[in-house]
Amino acid sequence: MAKVRKEQNIDTGGSASANMFLLLFISLFSLCSSADRNDKPIIGVLAQEAFQPKPNQSAYIAASYVKFLESAGARVVPVMINQTLDQYKTLFNSINGILYPGGGVSIISSGYQRAAKIFYELAIEANKRGDYFPVWGTCLGFEQLMYLSSRKTILAR
């Protein structure tokens, strides 16, 4: 996977709808400069533990998240749980952003949480260097981002 990340800051101002932000997110990367080059963004989608795991099927990614990103022009790669830090760093350096999907796993102690934390910290480091790495959280993913940002449990029923 070739790195095609572009140096650009995205500011939604907190008022843009999810679909409009996603289209902006994807369109900033989608312009191809030559016929033989593919500059479409590569977006990782974080997997999560299966509710009832089977042999060789312990994690999943809902197809709706993949189709959501592909419909806006992105290329999608899975970010599997329970990988090594080096594997996550290699993947981070090969993608342009990540989506933390909704679901039903722990945001405090799970493979999903561990991978999300690693990518969150790598994104913070990259952003400090001026290499903007968007992180999108939907439902559980947004809760995960709140937990990672606050470093404490602030959610209530």
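Residues numbered from 1 in each chain as written. Predicted model: local features only at pLDDT ≥ 70, side-chain atom pairs only at ≥ 80, totals over all residues. Heavy atoms only, no water.

Under an unreviewed UniProt entry, the name given to the chain is folate gamma-glutamyl hydrolase, and the source organism is Austrofundulus limnaeus. We quote the UniProt Subcellular location (unreviewed entry) comment for the chain here in full: "Secreted, Extracellular space". (UniProt positions renumbered as here; feature names shortened; annotations may be inferred.)

**Digging into the overall build of the chain**
From N to C terminus, the chain includes 5 helices and 6 strands. Along the chain, helices and strands appear, N-terminal first, in the series α-β-β-β-α-β-α-β-α-β-α. In the chain, which comprises 157 residues, the proportion classed as buried is 39%. Summarising the internal contacts of the chain: among those between residues at least 6 apart in sequence, 72% fall at separations of at least 24. Looking at the chain as shown, the accessible area adds up to about 9100 Å², and 54% of this sits on carbon and sulfur atoms. (Helix = DSSP H or I, 4+ residues; strand = E, 2+ residues; numbered from the N terminus. Buried < 20%, exposed > 50% of the residue type's maximum accessible area, 1.4 Å probe, protein only. Contact = heavy atoms within 4.5 Å. Areas by Shrake-Rupley, 256 points an atom, 1.4 Å probe, with all protein chains shown as cover.)

**Thoughts on the packing of helix α3 (residues 85-92) against helix α4 (residues 111-128)**
Geometrically, a packed helix pair is captured by the angle between its two axes and the distance between the axes. Close contact between α3 and α4 brings their axes to 11 Å; oriented N to C, the two are set at 50°. With respect to their mutual orientation, α3 and α4 come out oblique. Judged by the sense of rotation from one axis to the other, the crossing of α3 with α4 is right-handed. Of the residues in α4, those in contact with Leu85, Tyr88, Lys89, Leu91 and Phe92 of α3 are Arg114, Ala115, Ile118, Phe119, Leu122, Ala123 and Ala126. (Axes fitted to C-alpha atoms, helices over the stretch in contact; angles between N-to-C directions. Parallel < 35°, antiparallel > 145°, perpendicular 65-115°, else oblique. Left-handed = near helix turned anticlockwise from the far one by under 90°.)

**Considering the sheet that holds strand β6 (residues 135-137)**
Two modes of strand pairing occur in sheets, parallel and antiparallel, and in both the strands are linked by backbone hydrogen bonds. Read from one edge of the open sheet, 4 strands run β4-β1-β5-β6, paired in parallel fashion. Edge positions in the open sheet fall to β4 (75-79) and β6, since each of these has one partner strand only. Neighbour-to-neighbour, the strand axes of the sheet open up by a mean angle of 25°, direction not taken into account. Examined bridge by bridge, strand β1 (residues 42-46) and strand β5 (residues 97-100) share 3 bridges and lie parallel to one another. Across the sheet, the residue bridging to Ile43 is Gly97, located in β5. In the packing of α4 onto the sheet, the strands contacted are β1, β4, β5 and β6, and the crossing angle to β5 comes to about 145°. Helix-sheet contacts for helix α5 (residues 140-150) involve β5 and β6, and the interaxial angle to β6 is about 120°. (Pairing = 2+ DSSP bridges.)

**Quick look at the environment of Phe92**
Here Phe92 is to be found in helix α3. For Phe92, a relative accessible area of 3% translates into the label buried. Along the primary structure Phe92 and Ile118 are separated by 26 residues, whereas in three dimensions their C-alpha atoms are 9.5 Å apart.

**A short note on the environment of Ala115**
With respect to the helices and strands, Ala115 occurs in helix α4. Residue Ala115 is classed as buried on the basis of its relative accessible area, which comes to 1%. Among all residues touching Ala115, those that are not within four sequence positions of it are Leu46 and Tyr88.

**Describing the UniProt feature "active site" (unreviewed entry) in the chain**
Mapped onto this numbering, the UniProt entry gives "active site" (unreviewed entry) at Cys139. Inspection of the secondary structure puts Cys139 in the loop between β6 and α5.

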